[in-house]
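Reading the structure
Listed below, chain by chain, are the residues.
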Amino acid sequence: MSTHELKTGPLEYRTQEGQMSILGFWIFLGAEVVLFSTLFATYAVLFGRTADAPVPADLFEPGITLVMTFLLLTSSFTCGLAIHQMRAGSLKGLITWLVITLGLGLGFLGFEIYEFIHYAHEGATLQSSSFWSAFFVLAGTHGVHVTLGIGWAVLLIIQLVKRGLTPVTSRKVFVISLYWHFLDVIWIFIFTSVYLIGMVV
Amino acid sequence: MQLDEFFVTGEPLIYGGMVSIVLVTSAIIFLLTYLKRWGWLWREWLTTVDHKKIGIMYILSALAMLFRGGVDALMMRVQLAFPNMNFLNSQHYNEIFTTHGTVMIIFMAMPFLVGLMNIIVPLQIGARDFAFPFVNAVSFWSFFFGAMLFNISFVIGGSPDAGWTSYTPLAGAALSPGPGQNFYLMGLQLAGIGTLATGINLMVTILKMRAPGMKMFDMPIFTWSTLVTSFIIIFAFPILTVALALLTIDRIFGSQFFTLTGEGMPMMWANLFWMWGHPEVYIVILPAFGIFSEIIATFARKQLFGYKAMVWSMILIAGLSFLVWVHHFFTMGAGALVNSVFSVSTMLIAVPTGVKIFNWLATLYKSRIQMTTAMMWSLAFIPSFVIGGVTGVMLGMAAADYQFHNSYFLIAHFHYVLIAGTVFACFAGLVYWYPKMFGHKLNERIGKHSFWWFLIGFHVCFFPQYFVGLDGMPRRVFAILPEWMPLNVISTVGAFGMGVGFVIFVYNIYYSYRYSKREEKGDAWDGRTLEWATPTPVPFYNFATLPEINGRDAFLSMKKNNETTFDEERLEPIHMPSNTGQPIIMMAILAFASFALVFEWIGLAVIGLIGTLIMMGIRSFDYDDGYHVEVDEIKKIERSARGL
Amino acid sequence: MKHMTKNKWFSFFLIGAVMLLSGCNQLVVFDPKGPVAQSQKDLIMYSLIFMMIIVVVVFVLFAFMVYKFRDRPNRKSSDYDPDIHGNTMIEIIWTVIPLAIVIALSIPTVQTIYDLEKPSAEGTDEEPLVIYATSADWKWFFSYPEQNIETVNYLHIPTGRDIEFRLSSADSMAALWIPALGGQKYNMAGMETVLYLQADEPGVYDGRNSNFNGEGFAKQTFKVHAESKEQFEDWVQSIQIEKPALTQEQYDTLLEPGLTNTMAFSSTHLQWVDHGTNEGRDYSIERHEDAYGKLLHLENINKSNQPQEVGE
Ligand code: HEM
Ligand SMILES: [Cu+2]
Ligand SMILES: [Cu+2]
């Protein structure tokens, strides 16, 4: 209820509103975990049901997925560096690392789109069988999350340029960093349980 | 698409519906224009972020939906009492039971409870508003437009007709072409977003905004039930989101999740649906438990017996509710082991539920029961719900369920828990908190008439259904065997009794608005919890000041110590959020996108989605920080409200 | 006075219980005609005893509390104690008793669940009679592979012998339910579920689809003719001799969504498709994709909602 602002501690935690937003976002991520778990479960149930379409082992390639993984993991790291800069009070450092993070994210997306188009050419589309439906929706949902994250981050960078580091902007940046790390974790699961398993089975 | 495919044509019932929709809408528009109330409507209601007003809008919408679902119910009962009249043909009957079930659970029970939570929870914990008032408004409008979208299917495009459970493959594109099923999917999806957001909002509010000194185990029990419910919402609703999305993608974009072609798996829908669906039934019963606990403690003039056991049993029920979903399809042939495990887990839920029943009974022991209308609804709940509960346990015994499943025995069970639980609680809660919301009580004498009609009607309607179910009558049939006729006629009589009860209830709202004595103090029932510490009408900022809370029944000890929520020494400016039109606009655009998706107009849907994203971007750039209510103004408001 | 009310309530429920249990005999679930329905009835009766006890205990306590502690003039002040907040002992008791009841219910439940998964004559050398029961919007096909005959919308079974129903569906999910003989199980396309039932007494019983599957659902019913072994054999022979063989063309037409009368054939559709296998799951959709959207405009017909019996 109070509007009192703390004078110490990370900027994003100084107001009660900041604290509540961050807690709310953690809870939201909890819901996102359930959402992705459901998609993973669906994928697992439909595994192997390829009907007349190609099987995943024929299409999945280690090279491209490793590159995607590398890009996203690195972006998570640079996102951490961005927050580090923010804590150190450096607006310039923050923005620089955020832009690098976005660049890596875009690279990831580019590869994912290429990959999807490639599969479609080989005869594996959303419509070809329940397995491929599950694959495209699981990976696609992650991809859409990344896309939204990039759009959101662009808006935040504009706000940072306009307003500098305030409790509000730093709270927003902190929240999106949580989001970005979360997407990274989800990707690790997709990489291992979809691609790695799909390649060997 | 031809216009005559767009509008549902050729059905007298539906023409009647269209005409009445047009008439009611024009009447509302006319009245608003004539009374010059458009500006007022926009400023005071459509753009509000005040939890109390949003709550009232939820409850009004829920009452409207109760009416719609109730009319559906009466039409079904007429058909079953006089099947040879052919009042409804098979297709109509299927559409009506589908919309009835969906409307009642998604657009009546949940919003009604969420409305009560909206109004009461911040007041019970001494908070200024929700943690995220803007999000709260977004939630409301997403529910509202979801409900409108679902209801419009009646006249545009055709209603869904695959049951509220929407089982595949029946509900898939191959077996149910056309927009009907899409209305179900998009309407629920839209409302579901709001529900999830509300869950998060309530959880943060309760965890972070409690009055100084109020520990978790000091919270009023209704607030506890809300917290537990929000936990279930957060973990169950994403499952529904995914299930609906997958079926939507199946129907509109041709994927193969639940199809008969492409090695799809129709059974998976039933699993996903009930992994959400069973927790969902607890989402609508736990708040009801909370409401009854408050009311029983107040009118027994006694502390709630076994507060901690009450809380822990709710937590246990919430946990178990995620582990029993298979009991909705024991007959799918998953094998003896699976059925045994889920039988036992299902029956286990009865243990914490039983504990709660005994705690309520013990609360009555050595009490002084005041037979107010709210109390009568709450007392009637106990024996009625027990019947629903024990038959639930019988359904949980898989081997027996093979005979009960899909029969009227099941129908009787869930109406005994949903009506005697949720609906009674909504009525009880509305009657109980009505003076807080509107500044006057509902008339007690008329309220009791409505209670008795509804209660007796309810038992007359649903008790016979246990027997007709045991006689082999399946659910969802529009035509019945002659030997089931007598019990069905009795049921229909009971249903109309409930209808009379509802009409009296609504009349009572009008009557009390005209004639009830206005409340002068805030404490209408000599209450125990903080919501009664505020003056009536509640100032928009809720609490001017709050004493340090120690212990349960905070207001009771405040009264003892002569404390109020207006301590002039400690006044400080209060920070409030500003009203905004963004939530309603954002959700209207999203509703437009959903409507376009229903008819598979992809271009328009994309435009709508982009519009929604733009609205979110605008919100992100909106640094409106609200405003402060200054000390002088607080003093003025409080003094006049308290007659000082 | 106090005792009077308590007794009144109690006898009220006792009478209610008796009425309930005695009235049950006409209800089909309580009037079993075979061992499966019998074991389910036994289980239900067993559970009903516990349920009645719970209901009676709660109702009596409830009536007592509400009557005794209602607010009225001249109450003894010792009858009011607003500060009771709990009692560990009693709370433990009313947690443990329900738990004990759940255990008491679980044991026979699990037992029965396992029993129903196998034929009642398991272990003897009598093999169950196999019948493929296939649902298709909105009719039933019963194929007797051993006898090489197939019926539509009616069923003949011998008494005293296990019937092994192999359930599947050509399209929507259905459930085969013959309440006089026992509980239901789902029919699904692309997979096979197995339901064991048996009739002890000759008679004609109602069977139906109990799982909602669209416009014709209410009329997807059939009669079960349970008869002695000899009569059953005679019937099989008459079908084999008198009825035509089922052609694939005719079968495909029959699959189209809609209602049909009873029929019989001296061959089965299993020769070219078993809808319970992965290969058979889209057989009907591929042939009738466009027919599923059409409405039948189905109304209730006076008296009978059964498929018309023709030429039996
Ligand atoms: C003692 C606790 C309860 C037990 C053991 C229980 C058990 C069951 C079981 C086993 C079924 C499935 C039966 C079948 O489909 O054959 C069922 C259905 C249902 N129950 Fe309960 N139940 C309990 C309490 C509740 C409560 C509190 C609610 C809601 C307020 C509820 C709402 C429903 C609904 C809506 C259905 C049917 C859904 C449908 O098929 O359309 N139940 N219950
Ligand atoms: Cu299946
Ligand atoms: Cu359930």
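Taking an unreviewed UniProt entry as the reference, chain C is identified by name as Quinol oxidase subunit 2 belonging to Alteribacillus iranensis. UniProt, in the comment section headed Subcellular location (unreviewed entry), describes chain C in these words: "Cell membrane". Under the heading Function (unreviewed entry), UniProt records this for chain C: "Catalyzes quinol oxidation with the concomitant reduction of oxygen to water. Subunit II transfers the electrons from a quinol to the binuclear center of the catalytic subunit I."

Chain A carries the name Quinol oxidase subunit 3 in an unreviewed UniProt entry, which gives Alteribacillus iranensis as its organism. For the record of chain A, the UniProt heading Catalytic activity (unreviewed entry) holds the text "2 a quinol + O2 = 2 a quinone + 2 H2O". Turning to chain A, the UniProt annotation filed under Subcellular location (unreviewed entry) states: "Cell membrane".

Observations regarding the overall build of chain C
Scanning chain C from terminus to terminus reveals six helices and eleven strands. With 312 residues in all, chain C has 54% of them scored as buried. In the form shown here, chain C has an accessible surface area of approximately 14100 Å², with 58% of it arising from carbon and sulfur atoms.

Focus: the UniProt feature "domain: Cytochrome oxidase subunit II copper A binding" (unreviewed entry) in chain C
Taking the UniProt record as the reference, the feature "domain: Cytochrome oxidase subunit II copper A binding" (unreviewed entry) is found at residues 126-238 of chain C. Secondary structure across residues 126-238 of chain C divides into 9% helix and 53% strand, with the first and last C-alpha atoms of the span separated by 24 Å.

Regarding a nonpolar patch on the surface
Residues and elements named next belong to chain B. Together, Phe253, Ile602, Val606, Ile610, Ile614 and Ile618 make up a nonpolar patch on the protein surface, roughly 500 Å² of accessible area in all. Among the elements that make up the nonpolar patch, the one with the highest residue count is helix 19 (residues 602-620) (five residues). On the secondary structure map, Ile610 appears in helix 19.

Quick word on the coordination of the copper ion (ligand 2)
Protein coordination of the copper ion (ligand 2) is provided by Met267(B) (SD), Met188(C) (SD) and Met191(C) (SD), with donor distances spanning 1.9 to 2.5 Å. Here Met267(B), found in helix 9 (residues 267-300), pairs with Met191(C), found in the loop between strand 7 (182-187) and strand 8 (193-197), and the two come from separate chains.

Some points on the packing of aromatic side chains
Under the defined criterion, the tally for this structure stands at 105 aromatic pairs over all chains. With centroids separated by 4.7 Å and ring planes inclined at 40°, the aromatic side chains of Tyr434(B) and Phe438(B) adopt a geometry described as tilted. With Tyr434(B) and Phe438(B) both in helix 14 (residues 408-438) and four residues apart, the pair spans about one turn of that helix. Positioned above the aromatic ring of Tyr80(C), the side-chain terminus of Arg368(B) is 4.6 Å from the ring centre. The side chain of Lys441(B) reaches across the aromatic face of Trp525(B), ending 4.2 Å from its centre.

Quick word on the domain arrangement of chain C
Residue and element names in this part refer to chain C. Domain boundaries in chain C define domain 1 (2-68 + 89-115) and domain 2 (129-291). Relative to domain 2, the C-alpha centre of domain 1 lies at a distance of 38 Å. Contact residues are listed per partner, giving eight residues for domain 1 and twelve residues for domain 2. Put simply, domain 1 and domain 2 have one salt bridge between them. Lys33 is paired through a salt bridge with Glu201; the nearest N and O atoms lie 3.7 Å apart.

Comments concerning the site of ligand 1
Residue and element names in this part refer to chain B. The immediate surroundings of ligand 1 are formed by 22 residues, with Trp164, Asp401, His405, His413 and Arg475 found nearest. The side chain of His413 places a nitrogen or oxygen atom 2.9 Å from a nitrogen atom of ligand 1. Elements supplying a minimum of two residues to the shell around ligand 1: helix 9, helix 12 (373-396) and helix 14. Sort the elements by how many residues they give to the shell around ligand 1 and helix 12 lands first, with six residues. Residues of the shell around ligand 1, tallied by class, amount to twelve nonpolar, eight polar and two charged.

Let's talk about the interface of chain B and chain C
Taken together, the 99 residues of chain B in the interface contact 93 residues of chain C. Surface buried jointly by chain B and chain C totals about 8100 Å² across both partners, of which 69% is contributed by carbon and sulfur atoms. Across the contact surface, chain B and chain C share one salt bridge. There are 24 residue pairs in polar contact (both at pLDDT 80 or more) connecting chain B and chain C. Taken together, the elements giving at least two residues each to the side of chain B that touches chain C come down to helix 5 (90-124), helix 9, helix 10 (307-320), helix 11 (336-364), helix 12, helix 13 (398-404) and helix 15 (444-470) of chain B. Among the elements that take part in the side of chain B that touches chain C, helix 11 of chain B stands out by supplying 16 residues, more than any other.

Re the coordination of the copper ion (ligand 3)
Donor atoms from the polypeptide that coordinate the copper ion (ligand 3) comprise His278(B) (ND1), His327(B) (NE2) and His328(B) (NE2), at 1.8 to 2.0 Å from the metal. Sequence spacing of the donor residues for the copper ion (ligand 3), all on one chain, is H-x48-H-H.

Section: the UniProt feature "transmembrane region" (unreviewed entry) in chain A
The positions that UniProt labels "transmembrane region" (unreviewed entry) are, in the present scheme, residues 21-44, 64-83, 95-114, 134-161 and 173-197 of chain A. In residues 64-83 of chain A, helix accounts for 100% and strand for 0%; the two terminal C-alpha atoms are 29 Å from one another.

Focus on the interface of chain A and chain B
It is common to give the size of an interface as the accessible area lost on bringing the parts into contact. Each partner contributes to the interface: chain A provides 41 residues, whereas chain B provides 40 residues. At the boundary of chain A with chain B, the tally comes to zero salt bridges. Joining chain A to chain B, the criterion identifies twelve residue pairs in polar contact (both at pLDDT 80 or more). Every element with two or more residues in the side of chain A that touches chain B is listed here: helix 1 (16-46), helix 5 (130-163) and helix 6 (167-200) of chain A. The element contributing the most residues to the side of chain A that touches chain B is helix 1 of chain A, with 17 residues. Of the residues in the side of chain A that touches chain B, the class split is 20 nonpolar, 16 polar and five charged.

Re the side chain of Ser76(A)
Residue position: Ser76(A) is located in helix 3 (residues 62-87). Excluding anything up to four places from it in sequence, Ser76(A) contacts Trp180(A), His181(A) and Asp184(A).

Here we look at the packing of helix 4 (residues 91-121) of chain A against helix 5 of chain A
All names here are of chain A. In the contact formed by helix 4 and helix 5, the axes pass within 10 Å of each other and the chain directions differ by 155°. For the element pair helix 4 / helix 5, the angle class is roughly antiparallel. Considering how the two elements wind past one another, helix 4 and helix 5 form a crossing that is left-handed. Split by residue class, the contact of helix 4 with helix 5 holds 22 nonpolar, five polar and two charged.

Considerations on the environment of Arg75(C)
Mapping Arg75(C) onto the fold places it in the loop between helix 2 (35-68) and helix 3 (88-115). On the basis of relative accessibility, which here comes to 14%, the residue Arg75(C) falls in the buried class. In contact with Arg75(C), other than residues within four places in its own chain, are Ser367(B), Arg368(B), Ile369(B), Phe69(C), Arg70(C) and Tyr80(C). In this structure the side chain of Arg75(C) is engaged in a polar contact, spanning 3.1 Å, whose partner is the backbone oxygen of Arg70(C).

Points about the sheet that holds strand 10 (residues 221-227) of chain C
Residue and element names in this part refer to chain C. If you walk across this open sheet you meet the five strands as 4-10-9-6-7, and the pairing is mixed. The outermost strands of the open sheet, each flanked by one partner alone, are strand 4 (154-158) and strand 7. Strand-to-strand twist in this sheet, taken as the mean axis angle between neighbours without regard to direction, amounts to 20°. As paired elements, strand 9 (residues 203-209) and strand 10 share six bridges and run antiparallel to each other.

A word on the environment of Ala81(B)
Residue and element names in this part refer to chain B. The topology assignment puts Ala81 in helix 4 (residues 51-81). For Ala81, a relative accessible area of 3% corresponds to the buried category. Taking C-alpha positions, Ala81 is 9.8 Å from Ala479, a pair spaced 398 residues apart along the chain.

Side note on the pairing of strand 2 (residues 139-144) of chain C
Residues and elements named next belong to chain C. When you tally the buried positions in strand 2, you get six out of six residues, the bulk of the element. The side-chain alternation of strand 2 yields two buried faces, one formed by Lys139, Phe141 and Ser143 and the other by Trp140, Phe142 and Tyr144. Two strands pair when backbone bridges link them, and strand 1 (residues 129-136) and strand 2 are joined in this way by five bridges, in the antiparallel orientation. Each bridged residue has a counterpart across the sheet, and for Ala133 the counterpart in strand 2 is Phe142. Hairpin connection of strand 1 to strand 2: two residues between the antiparallel strands. Where strand 2 lies against strand 3 (residues 149-152), four bridges are found, and the strand directions are antiparallel. From the neighbouring strand, Phe142 faces strand 3, where its bridge partner is Thr151.

Here we look at the nonpolar core
Of all hydrophobic cores here, the largest spans 349 residues; its most connected members are Phe135(A), Phe424(B) and Phe165(C). If one sorts the elements of this core by residue count, helix 14 of chain B sits on top with 22 residues. Among the domains, domain 1 (2-68 + 89-115) and domain 2 (129-291) of chain C are the pair contributing at least three residues each to this core. Those residues within four positions of Phe165(C) in sequence are excluded, and the remaining contacts are Ile131(C), Ala133(C), Leu155(C), Leu176(C), Ile178(C), Thr193(C), Val194(C), Leu195(C) and Leu197(C). If you look at the next biggest cluster of nonpolar residues, it comprises 15 residues, including Phe6(B), Leu149(B), Val155(B) and Ile156(B).

Cut-offs used in this document
- Residues numbered from 1 in each chain as written.
- Chains lettered and ligands numbered in written order.
- Predicted model: local features only at pLDDT ≥ 70, side-chain atom pairs only at ≥ 80, totals over all residues.
- Heavy atoms only, no water.
- UniProt positions renumbered as here; feature names shortened; annotations may be inferred.
- Helix = DSSP H or I, 4+ residues; strand = E, 2+ residues; numbered from the N terminus.
- Buried < 20%, exposed > 50% of the residue type's maximum accessible area, 1.4 Å probe, protein only.
- Areas by Shrake-Rupley, 256 points an atom, 1.4 Å probe, with all protein chains shown as cover.
- Patch = residues over 30% accessible without salt bridge, like charges linked within 9 Å, V, L, I, M, F, W, Y side chains within 5 Å.
- Salt bridge = Lys/Arg side-chain N within 4 Å of Asp/Glu carboxyl O.
- Donors = N, O, S within 2.8 Å, 3.2 Å for Na, K, Ca; no water.
- Phe/Tyr/Trp six-rings, centres within 6.5 Å; stacked < 30°, edge-to-face > 60°.
- Lys NZ or Arg CZ within 6 Å of the ring centre and 35° of its normal.
- Domains from an automatic or database assignment.
- Contact = heavy atoms within 4.5 Å.
- Near = heavy atom within 4 Å.
- Polar contact = N/O pair within 3.5 Å; in protein donor to acceptor, adjacent residues only side chain to side chain.
- Nonpolar A, V, L, I, M, F, W, Y, C, P; charged D, E, K, R; others polar.
- Buried area = accessible area lost by both parts, 1.4 Å probe.
- Axes fitted to C-alpha atoms, helices over the stretch in contact; angles between N-to-C directions.
- Parallel < 35°, antiparallel > 145°, perpendicular 65-115°, else oblique.
- Left-handed = near helix turned anticlockwise from the far one by under 90°.
- Pairing = 2+ DSSP bridges.
- Core = buried A, V, L, I, M, F, W, Y, C linked by side-chain atoms within 4.5 Å.

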